[in-house]
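What follows is the residue order along each chain.
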Protein chains: 2
Amino acid sequence: MSFQITHKDKDTKARTGTLITDHGVIETPVFMPVGTAGSVKAIHQKELKDDVNARIILGNTYHLYLRPGLEIIEKAGGLHKFIGWDRPILTDSGGYQVYSLADRRKMTENGVVFQSHIDGSKHVFTPETVMDIERTIGADFMMAFDECTPFPCDYKYAKKSMLMTHKWLERCIDRFKTTPDKYGYQQKLIPIVQGSVYRDLRQQSAEFIAKQNMEGNAIGGLSVGEPTDVMYEMTELVCSILPADKPRYLMGVGTPANILEGIALGIDMFDCVMPTRNARNGMLFTKNGIMNMRNEKWKNDLSPIDEEGSSFVDSHYSKAYLRHLFVAKEILGPMIATQHNLAFYVWLVTEARKHIAAGTYGEWKNKMVKQVTKRL
Amino acid sequence: MSFQITHKDKDTKARTGTLITDHGVIETPVFMPVGTAGSVKAIHQKELKDDVNARIILGNTYHLYLRPGLEIIEKAGGLHKFIGWDRPILTDSGGYQVYSLADRRKMTENGVVFQSHIDGSKHVFTPETVMDIERTIGADFMMAFDECTPFPCDYKYAKKSMLMTHKWLERCIDRFKTTPDKYGYQQKLIPIVQGSVYRDLRQQSAEFIAKQNMEGNAIGGLSVGEPTDVMYEMTELVCSILPADKPRYLMGVGTPANILEGIALGIDMFDCVMPTRNARNGMLFTKNGIMNMRNEKWKNDLSPIDEEGSSFVDSHYSKAYLRHLFVAKEILGPMIATQHNLAFYVWLVTEARKHIAAGTYGEWKNKMVKQVTKRL
């Protein structure tokens, strides 16, 4: 596994890179569709690869651990083989899900005891068990086990939580370094910067993470409800500290505009449920703005979903037909919208790469941020 | 449009044929996936064509008339263009749906006044309006407006209903013959034999229908709850009367075994929601029997869904993964199952055609009927 910066933008901190994994090359900046439980919802892996051209997808440790469970994933030879996806996979550590369980979990310095949301059964996640689980899932990129603080979060809690995340990271690294790659291809551990919205904590955390010298670094605990400018401020601060020669991953972000701004701040990797989740509710992201396909406005619009879209669905189906499918609650509606949105997100980062390489990113980004946030 | 018988089986009444339409050639016997409201649920038109290789699909007049409505379908240039499907379409007349409305409809000799199940609005279907609607939808095959009697149905009602269906047919034919093809390609009217489970009524109805000399004929009012042997008995009787040189369509049938038996009785066309509806509940039809994918049995079975299946999903995904998708309620589960089941139904009639041509249909059919009805 290696990462090479290929271009740097002249006006912003944006850069392009090539991230080489044993499951193929990832050009960065990259958007990673979310496949929580082993499926990016409402799309075939084949379409995700051949039509959307997603280069890497996410899985979620908490969900996959509970269902289908590690036994069958291991028996299959890892998640790639279990789901039929031969490109890279990144697994979220499950920290976010475990903390979301609220009264169904108990946290100690050792780890977290929690009850399954499915059947109430008891389980323990520690930095060590999570590393073992992510090894067994077979992730190319394994996220460290952290606590993702909510927003708002008082300073005292944010600090205490950050320090615990750092201690857990040391245990993650220990376990990671003393266990082999599970299935013959390289697996990499990615540590996560926390610190909520506090500059000094973010700085402290970024410095701690940078010092670990892992092959990539992530920023967590943002896009959890804080104002957008605070998210950008924290991202900018952390990017100024994280090593420039390693990929930077801004977790759970975001809207098309968030992604474009994140790239300008030096982020290389993004993931978000927005293109898939919003698709299922009829929301389409396009280069010209956002469309709510349930809107009466599209009822008689027989023009293609997106004349310039890169997916086959964009030219094959009309806006009026897609609206009809949503109104009639046909499953094909979410299927088409999902495929369109993912193809759009992939197109967006692909264009970003072109503009970074051409030295026109800043100007293009400013124009696009206005366009993509319009309501059509 | 033309129909040519190409082979006749030596042991049964099975035959193969070529049905030529302006939207392409249909080899018979054929299975027609049901696309009620302009979408065969949970599958892209592209997959339906390229992977499943469905030669013709169904639309439903009642559903399409209410939603999206005729205005937009006409503006699009017909249903083919509206939904992005360039092969033939057959439209059910909506009679079955209207009668299912029970207390929301009032029937007279003139036609039916009914309330929309969507918004309660009042509408009138007569033989004339239904012909106009099917013309506007742009069906290659337009089903006559009939009454589909329920099971059980007393003799008196069945007879009265059948006579009304016959009168309505004459009005359908009048309207059909005095209106032009709507979009420049040929549209054909298919009359429907009724008569419930009464031999004398079925005979009388089949003779009446045969006499109209239309380019294809259908058998309705079966597969509505009557015993299977009664369905076969009625089908056999009606097939003996309907002209042998015209395609025969057994409406709403059925299981793989029903289709194989129907072919042996001389049926050329079938439609049924079973492969798609049951798919969404996790039921897979295969040449070796029926699988309930929610069953614990498949939990650790990493073998392909169907080793010999003709769809890409059959070899790309495992039984254990498909089971996981159903248990986790992932949309991809119904998508995979739908694609598999439709591909299996299309495979089944394709194999039937080969065996009819080879003169081995009877023997093969008897073997297959046993196989496909097994519970795996």
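In this text the structure is predicted, and so the values were computed from the model without any measurement. (Residues numbered from 1 in each chain as written. Chains lettered and ligands numbered in written order. Predicted model: local features only at pLDDT ≥ 70, side-chain atom pairs only at ≥ 80, totals over all residues. Heavy atoms only, no water.)

To continue, consider the packing of helix H13 (residues 319–327) of chain B against helix H14 (residues 332–358) of chain B. Residue and element names in this part refer to chain B. Viewed as axis vectors pointing N to C, H13 and H14 meet at an angle of 130°, and their least axial separation amounts to 8 Å. Accordingly, the angle class assigned to the pair H13 and H14 is oblique. Counting all contacts with H13, which are made through Tyr-321, Leu-322, Leu-325 and Phe-326, the residues of H14 involved are Leu-332, Gly-333, Pro-334, Ile-336 and Ala-337. Partitioning the contact of H13 with H14 into residue classes produces eight nonpolar, one polar and no charged. (Axes fitted to C-alpha atoms, helices over the stretch in contact; angles between N-to-C directions. Helix = DSSP H or I, 4+ residues; strand = E, 2+ residues; numbered from the N terminus. Parallel < 35°, antiparallel > 145°, perpendicular 65-115°, else oblique. Contact = heavy atoms within 4.5 Å. Nonpolar A, V, L, I, M, F, W, Y, C, P; charged D, E, K, R; others polar.)

So, on to the packing of aromatic side chains. The geometry of an aromatic ring pair is captured by the separation of the ring centres together with the interplanar angle, meaning the angle of the planes. Across all of its chains, the model carries 30 aromatic pairs over all chains by this definition. Summarising the aromatic geometry, the rings of Phe-344 of chain A and Trp-347 of chain A are spaced 5.8 Å apart at their centres and angled 25° between planes, so their arrangement reads as stacked. With a gap of three residues between them, Phe-344 of chain A and Trp-347 of chain A both fall in helix H14 (residues 332–358), about one helical turn apart. Comparing Phe-344 of chain A with Trp-347 of chain A, the two get one shared label, buried. When the centroid spacing of 5.2 Å and the interplanar angle of 65° are considered together, the rings of Tyr-65 of chain B and Phe-125 of chain B count as edge-to-face. Residue Tyr-65 of chain B is found in helix H2 (residues 61–66), and its partner Phe-125 of chain B is found in strand E9 (residues 122–125); the two are separated by 60 residues along the sequence. Taking the ring centre of Phe-312 of chain B as reference, the NZ or CZ of Lys-46 of chain A above it sits at 4.7 Å. (Phe/Tyr/Trp six-rings, centres within 6.5 Å; stacked < 30°, edge-to-face > 60°. Buried < 20%, exposed > 50% of the residue type's maximum accessible area, 1.4 Å probe, protein only. Lys NZ or Arg CZ within 6 Å of the ring centre and 35° of its normal.)

One pass over the full model with this rule turns up 30 salt bridges over all chains. For Asp-181 of chain A, the salt bridge is made with Arg-135 of chain A, and the minimal N-O distance between the two is 2.9 Å. Of this pair, Asp-181 of chain A sits in the loop between helix H7 (155–177) and strand E11 (188–190) while Arg-135 of chain A sits in helix H6 (residues 127–137), and the two are 46 residues apart along the sequence. The salt bridge partner of Glu-351 of chain B is Lys-354 of chain B, with a shortest N-O separation of 3.1 Å. Taken together, the positions of Glu-351 of chain B and Lys-354 of chain B, both in helix H14 and three residues apart, correspond to about one turn of that helix. (Salt bridge = Lys/Arg side-chain N within 4 Å of Asp/Glu carboxyl O.)

Right, let's get into the sheet that holds strand E8 (residues 112–115) of chain B. Residue and element names in this part refer to chain B. The strand order across the open sheet formed by three strands is E7-E8-E9, and the pairing between neighbours is antiparallel. The sheet is open, and its two edges are formed by strand E7 (105–107) and E9, each paired on a single side. Neighbour-to-neighbour, the strand axes of the sheet open up by a mean angle of 15°, direction not taken into account. The pairing of E8 with E9 spans four bridges and is antiparallel. The residue bridging Val-112 from the neighbouring strand is Phe-125, located in E9. (Pairing = 2+ DSSP bridges.)

All right, on to the relation of the copies chain B and chain A then. With an RMSD of 0.0 Å, chain B superimposes on chain A once it is rotated by 180° and translated 0.0 Å along the axis. Each copy turns onto its partner about a two-fold axis. Looking at the rotation axis and the C-alpha trace of chain B, the residue lying nearest is Ile-331 of chain B, at 4.1 Å. When you check the interface residues of chain B against chain A, 100% turn up at the interface there too, and the contact is symmetric in its surfaces. (Least-squares fit on C-alpha atoms with pLDDT ≥ 70 in both.)

Right, let's get into unusual backbone geometry. Between Arg-67 of chain B and Pro-68 of chain B the backbone carries a cis peptide bond, its omega angle lying at 10°. Following the sequence through the fold, Pro-68 of chain B ends up in the loop between H2 and helix H3 (70–76). With omega at -5°, the peptide bond leading from Phe-151 of chain B into Pro-152 of chain B counts as cis. One can find Pro-152 of chain B in the loop between strand E10 (141–143) and helix H7 (155–177). Backbone geometry at Ala-42 of chain A places phi at a positive 75°, although glycine is not the residue there. Among the structural elements, Ala-42 of chain A can be located in the loop between strand E4 (30–32) and helix H1 (45–50). A positive phi is found at Asn-213 of chain A, a non-glycine position, where the angle reads about 60°. You can see Asn-213 of chain A is positioned in the loop between helix H8 (199–211) and strand E13 (217–219).

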